[in-house]
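Survey of secondary and tertiary structure
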Amino acid sequence: MKLIDLPYNFLFKKKASPYHAAGFTSVTLDPKREHYETLDPASRDLMLKTIRFFEDRGKAKLKEDDHERTWYADFLKFQKNEKLFASLLTPEDQGQGDCRWDTYRNCALNEILGFYGLAHWYTWQVSILGLGPIWISNNEKVKAKAAKLLQEGGIFAFGLSEREHGADIYSSEMALTPQEDGTFLANGSKYYIGNGNEAALVSVFGKMSDTGDYVFFVVDSRHKSYELVKNTVNSQNFVAEFRLNDYPIKQDDILAVGSEAWDMALNTVNVGKFNLGWASIGICSHAFYEAINHASHRRLFDHYVTDFVHIKQLFTDAYTRLTAMKLFAMRAIDYMRGANAEDRRYLLYTPMVKMKVTTQGEQVMDLLWDVIAAKGFEKDMYFEMAVKDIRALPKLEGTVHVNMALILKFMANYFFKPGKYPHIQPQTAPVNDDFLFNQGPTKGLGKTKFHDYKKVYNQFDLPNVNIFKKQIRLLKVLLVAGKPSAEQTKDFDFLLNLGELFTLVVYGQLILENAKLQGIEDDLIDQIFDVMVRDFSKYALLLSQKSSTTLVQQTICERMLKRPVVNQERYDWIWENYVFAMKDMYEMNP
């Protein structure tokens, strides 16, 4: 079995294995061994300094701050001194020195911050959301101001959701009222706004009181007319409820009005939601190390815990799911960075990184928790923090249901009307991602085309991939012979399970694309699809049992139920060379 070095060094690396001199290729971040060779020197230095910051603070301080709900002033001081956010979140044409918005290197930081806990990732994430409308806008004065504030260490906020309406921006009650002198007064409240306590600028969504047009404008959280009502959560983060009381707004403070403001909101979320899957990958990676280290050293009934058959299965499933998460999310970077007005495939892959990767993260944590059991509650464990944090990610930037509704819009063209696109190579170049802030109108999602998924799947002749291909064919039969009725299309419980089946097809496609690009060995690919076949069968069974499912639909769904090919030699190889080889590879400094 040949293992090769991979071009995405910050995502994959070769390590010495206690079992085979050849070593193994791991997807899991190891902060103490990662060198980020594929990043430019300045970016590499930022990543390594960030890792050093957390390792020098140590695990005890990390946990103490989490338990005491301590505002992360030390991290914000670090990022200010190193110009971390300024370097990574300022577009090239707005910044000083080595500034650019580069999704490839941003995901490296996403993973690091997730690895050390969600709180520090969260202040970065909501700054991304707060900056989105500013960089999308044509307001050069606000752009220059934001760039200056970033250089000064500022953080940012995204004032979209409201207490009574959540993220239903149709119903926004924040109002901007014109005054006789050409200025405006802003009145209204926003709820669940990260960084709302200290944001240098808050990008606020509302409506013009006279015309009802949507509007985006910026405010300063330190202004006397900005009322900080409370922190809505009991954590290190400050997730604010704030109220604007006759807050004076000048024309220079307005980012967009009308349809441009609407598109600005959705396009910002397109950029921001992509980060959530990467946070989940980071959390799961750290938790995996802690779980395998604990289990491999604990003896019960005269055996190490990792000797038990069911424990091996739990760890192997967790590892292969985590591998799949990272393969998919990494390939999705390429489509984000390679997007343009004619190639908008990222609009499917982005909500999947948010929805599918984060829910897979929950499953990984559940598997690991079944291994370490009561140990996962102990206050000194990273795990105790991780199991709480991992639950948040599927519920931020739109629920799983909201993102599934979006994903379903692409299903018909994906299966039945493929387009033709040039092959996208890994997008690792140190360049600014200009298109992300020039995405254009958000309408017409159903017209988006995708390359033919069959061409990707047909490049692989592996037992479980072949079974999965049969399941895909049956799903297409279902969509033709058992096409959902008008009533079923209104039943979101029915559509949710149908959407899960569709999502698995897309998920598998990008996993295979990246596996081919990275030279991932066949045994690991087939072990991943062992899980995929089981997941497909699970959702097919759930769909077959819905009360509204017809006999034809039920029959086709039952034919989708497949058993993966069991190969003990393959399974043992994966266990020894990938899963158990993670033992004692990493432990956070105390």
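Residues numbered from 1 in each chain as written. Predicted model: local features only at pLDDT ≥ 70, side-chain atom pairs only at ≥ 80, totals over all residues. Heavy atoms only, no water.

1. Things to note about the packing of helix α14 (residues 463-481) against helix α17 (residues 551-559)
Relative orientation and spacing of two packed helices are given, respectively, by the angle between their axes and the distance between those axes. As a reminder of what qualifies: Convention adopted: a line fitted to C-alpha atoms gives each axis, helices being fitted over their contacting stretch, and angles between N-to-C directions are expressed from 0 to 180 degrees. Note on conventions: DSSP H or I runs of at least 4 residues are helices, E runs of at least 2 residues are strands, and numbering of each starts at the N terminus. Should an angle lie under 35 degrees it is considered roughly parallel, over 145 roughly antiparallel, and from 65 to 115 roughly perpendicular; all remaining angles are considered oblique. Between two residues, a contact is recorded if the distance between any of their heavy atoms is within 4.5 Å. Nonpolar residues are Ala, Val, Leu, Ile, Met, Phe, Trp, Tyr, Cys and Pro. Charged residues are Asp, Glu, Lys and Arg, and all others, Gly as well, are polar.
Remark: α14 packs on α17, axes separated minimally by 9 Å, with the N-to-C direction vectors making an angle of 175 degrees. The angle between α14 and α17 places the two elements in the roughly antiparallel class. Here Leu-474, Val-477, Leu-478 and Ala-481 of α14 come into contact with α17, specifically with Val-552, Gln-553, Ile-556, Cys-557 and Arg-559. Residues belonging to the contact of α14 with α17 are distributed by class as follows: seven nonpolar, one polar and one charged.

2. A word on the state of the cysteines
Quick reminder of the rule: For this text, the term disulfide refers to a pair of cysteine sulfurs within 2.5 Å.
Tallying each qualifying case throughout the model produces zero disulfides. The closest cysteine sulfur to the non-disulfide-bonded Cys-107 is located on Cys-284, 16 Å from its own sulfur.

3. Focus on the nonpolar core
Stated precisely, the cut-off is as follows: Put simply, a nonpolar core is a bunch of buried Ala, Val, Leu, Ile, Met, Phe, Trp, Tyr and Cys residues held in one set by side-chain atoms that sit within 4.5 Å of each other. Throughout, exposure labels follow a simple rule: accessible area from a 1.4 Å probe, protein chains only, divided by the maximum for the residue type, with under 20% read as buried, over 50% as exposed, and the rest as partly exposed.
In this structure, Phe-75, Phe-315, Leu-348, Phe-415 and Phe-529 are the most contacted members of the largest nonpolar core, which totals 187 residues. Per-element accounting of this core gives the leading share, 19 residues, to helix α7 (residues 259-297). Beyond its immediate sequence surroundings of up to four residues, Phe-75 is in contact with Phe-53, Phe-54, Leu-84, Phe-85, Leu-113, His-120 and Thr-123. Formed by 19 residues, the second largest nonpolar core is a distinct cluster that contains Leu-176, Tyr-226, Phe-242 and Tyr-247.

4. What about the pattern of salt bridges?
The following threshold applies: A side-chain nitrogen of Lys or Arg and a carboxyl oxygen of Asp or Glu constitute a salt bridge if their distance falls within 4 Å.
A complete count under the given rule lists 39 salt bridges for this structure. With a shortest N-O distance of 2.7 Å, Arg-100 and Asp-40 are connected by a salt bridge. Here Arg-100, found in the loop between α3 (84-89) and α4 (103-115), pairs with Asp-40, found in the loop between β2 (24-26) and α1 (41-68); they are 60 residues apart in sequence, far enough to count as distant. Classification of Asp-40 by relative accessible area gives buried; the value is 18%.

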